[in-house]
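# Tertiary structure, described
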Amino acid sequence: MLALVRLRRGVVGESRRVCHLIPVPTGPVPEHLTALCGEAIRPGQAEVLDGLRGMPCHACLMASAPSGPGLLANAG
């Protein structure tokens, strides 16, 4: 399961407040969560979104895209 989170105002500038995809941990809550793009998000730094909002993190989107022959994600 993935959660959609965005860094809070004041943690980063507005241009870096993108929506990250974070795998929801199944065991104990870790010290920090790691987005698919590799960004470490610490407690209190982000807000969990209840739907799609704002600009997505392109690196998270690319990391979540399925791979395989004939898929648009592999175009280029």
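Structure: see above.
Here is what the cut-offs are and how they apply
- Residues numbered from 1 in each chain as written.
- Predicted model: local features only at pLDDT ≥ 70, side-chain atom pairs only at ≥ 80, totals over all residues.
- Heavy atoms only, no water.
- Helix = DSSP H or I, 4+ residues; strand = E, 2+ residues; numbered from the N terminus.
- Buried < 20%, exposed > 50% of the residue type's maximum accessible area, 1.4 Å probe, protein only.
- Contact = heavy atoms within 4.5 Å.
- Areas by Shrake-Rupley, 256 points an atom, 1.4 Å probe, with all protein chains shown as cover.
- Core = buried A, V, L, I, M, F, W, Y, C linked by side-chain atoms within 4.5 Å.
- Pairing = 2+ DSSP bridges.
- Axes fitted to C-alpha atoms, helices over the stretch in contact; angles between N-to-C directions.
- Disulfide = S-S within 2.5 Å.

## Remarks on the overall build of the protein chain
Assigned secondary structure in the protein chain consists of one helix and five strands. Ordered by position in the sequence, the α and β elements of the protein chain form the string β-β-β-β-β-α. Counting all 76 residues of the protein chain, 24% fall into the buried class. Restricting to contacts in the protein chain with at least 6 residues of sequence separation, those with at least 24 account for 44%. For the protein chain, the exposed surface amounts to about 5300 Å²; the carbon and sulfur share of it is 59%.

## Remarks on the nonpolar core
Residues Leu-4, Val-5, Leu-7, Ile-22, Ile-41, Ala-46 and Cys-60 are the most contacted members of the largest nonpolar core, which totals 15 residues. Breaking this core down by element, the ones donating at least two residues are β1 (2-7) and β2 (19-23). For this core, the leading source of residues is β1, giving four residues. Excluding its chain neighbours within four sequence positions, the residues that come into contact with Cys-60 are His-20, Leu-21, Ala-35, Leu-36 and Cys-37.

## Let's talk about the pairing of β2
Of all five residues in β2, four are buried, a share of seventy percent or more. Across five bridges, β1 lies against β2 in antiparallel orientation. Paired with Leu-4 across the bridge in β2 is Leu-21.

## Let's talk about the sheet that holds strand β5 (residues 46-48)
With antiparallel pairing, the three strands of this open sheet are ordered in space as β2-β1-β5. The two strands at the open ends of the sheet, each matched to only one other strand, are β2 and β5. When strand polarity is set aside, the average angle formed by the axes of neighbouring strands in this sheet is 40°.

## Some words on the environment of Gly-51
Structurally, Gly-51 can be placed in the loop between β5 and α1 (58-64). When the C-alpha positions of Gly-51 and Leu-4 are compared, they lie 7.5 Å apart, and in sequence the two are 47 residues distant.

## Structural notes on the state of the cysteines
Applying the stated rule across the entire model yields zero disulfides. Of the cysteine sulfurs around Cys-37, a residue in no disulfide, the closest is that of Cys-60, at 3.8 Å. Accessibility expressed as a relative area gives 31% for Cys-37, which makes it partly exposed. The thiol of Cys-60 is not disulfide-bonded; the next cysteine sulfur, from Cys-57, is found 3.7 Å away.

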